[in-house]
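Given next are the chains, with one letter for each unit.
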Amino acid sequence: MRETKKSVTCFLKCGNKYLFVHRTKKKDSVDANRLNGIGGKLESGENYLAAAIRETYEETEYIVYEKDCKLAGVVSLEGGYAQDWVICFFVISVPTTDVPIGMSNDEGELLWLDADEVLHADYELVDDINYLWDRIVSEQPPFFAHSIMNQSEKVASMSISQLEK
């Protein structure tokens, strides 16, 4: 039986811009050299919302609260990686694009992208974002996605459901 990791991916939003990390500093880490949101694994006893708030602070030093956070969706990934994953995606509003920690952290370089530039940027995205980005930024009710990943950590198949308004 494969181990399942629980994590959060947070897309910090200011106006129409979203903050990403280009994961260049840990060459042997999951999704190395790819663009992803801010986030990480849940700690023991922690819920997804608390993890989103903590990870946002640890990786950017933005102080955010529950009222700033919106659940965009829940994704389960099977295969491809060493473990399976259950990930909650959040959109978190921040007041400024001046990142308190600066434009780099322990994972890599931070960059702001306009919402409509993300899928066309000159960076490789973590692959599930290619399929989910429009839903992440849609401000619709949360989605629920399940993906089978191939050995190259690319989406082989994905099913998506969404709650009604």
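Our structure's up above, just so we're on the same page.
Note that this is a predicted model, so its numbers are computed, not measured. (Residues numbered from 1 in each chain as written. Predicted model: local features only at pLDDT ≥ 70, side-chain atom pairs only at ≥ 80, totals over all residues. Heavy atoms only, no water.)

Enquirer: Explain helix H1 (residues 48-60) here, please?
Expert: Turn by turn, an α-helix covers 3.6 residues, leaving residues three or four places apart pointing in a common direction. Relative to the 18 Å expected for 13 residues at 1.5 Å per residue, H1 spans 18 Å between its end C-alpha atoms, a close match to the ideal helical length. If you follow the buried residues of H1, they end up packed against strand S1 (4-14), strand S2 (17-22), strand S4 (38-41), strand S5 (69-78), strand S6 (84-93) and strand S7 (109-114). Measuring from the backbone nitrogen of Leu 49 back to the side-chain oxygen at the start of H1 gives 3.0 Å, which picks out Asn 47 as the cap. In the stretch just after H1, Glu 61 is the one whose phi turns positive, near 70 degrees. (Helix = DSSP H or I, 4+ residues; strand = E, 2+ residues; numbered from the N terminus. Expected span 1.5 Å × (residues − 1). Contact = heavy atoms within 4.5 Å. Polar contact = N/O pair within 3.5 Å; in protein donor to acceptor, adjacent residues only side chain to side chain.)

Enquirer: Looking at this structure, I do not really get the state of the cysteines. What am I missing?
Expert: Note on terminology: disulfide describes a covalent bond linking the sulfur atoms of two cysteines. Following the criterion strictly, the structure yields 0 disulfides and no others. The structure places no disulfide on Cys 10, whose sulfur is separated from the nearest cysteine sulfur, that of Cys 69, by 7.0 Å. A residue is classified by how much of its surface remains accessible, and Cys 10, at 0% relative accessible area, is buried. Unpaired in this structure, Cys 14 has its nearest cysteine sulfur neighbour in Cys 69, at a distance of 15 Å. (Disulfide = S-S within 2.5 Å. Buried < 20%, exposed > 50% of the residue type's maximum accessible area, 1.4 Å probe, protein only.)

Enquirer: Teacher, can you tell me more about unusual backbone geometry here?
Expert: Apart from glycine, the bulk of residues carry a negative phi angle, and the bulk of peptide bonds sit in the trans form. A positive phi is found at Glu 61, a non-glycine position, where the angle reads about 70 degrees. Of note, Glu 61 is situated in the loop between H1 and S5. Of note, the phi angle at Glu 153 is positive, near 60 degrees, even though the residue is not glycine. The topology assignment puts Glu 153 in the loop between strand S8 (143-149) and strand S9 (155-162). Its relative accessible area of 21% is what places Glu 153 among the partly exposed residues.

Enquirer: Sorry, what's going on with the pattern of salt bridges here?
Expert: Any two side chains of opposite charge can pair, so long as their charged atoms come close to each other. Per the stated rule, a full pass over the model turns up 13 salt bridges. Put simply, Glu 3 and Lys 5 hold a salt bridge, and the shortest N to O gap is 3.4 Å. A residue is classified by how much of its surface remains accessible, and Glu 3, at 45% relative accessible area, is partly exposed. The class of Lys 5 is partly exposed, set by a relative accessible area of 22%. As a salt-bridge pair, Arg 54 and Glu 43 come within 3.5 Å of each other at their nearest N and O atoms. (Salt bridge = Lys/Arg side-chain N within 4 Å of Asp/Glu carboxyl O.)

Enquirer: I'm lost on helix H2 (residues 127-136) in this one. Help?
Expert: Buried within H2 are the following residues: Asp 127, Asp 128, Ile 129, Leu 132, Trp 133 and Ile 136. The arc that holds every buried residue of H2, seen down its axis, measures 140 degrees, which confines them to one face. (Arc of directions from axis to C-beta.)

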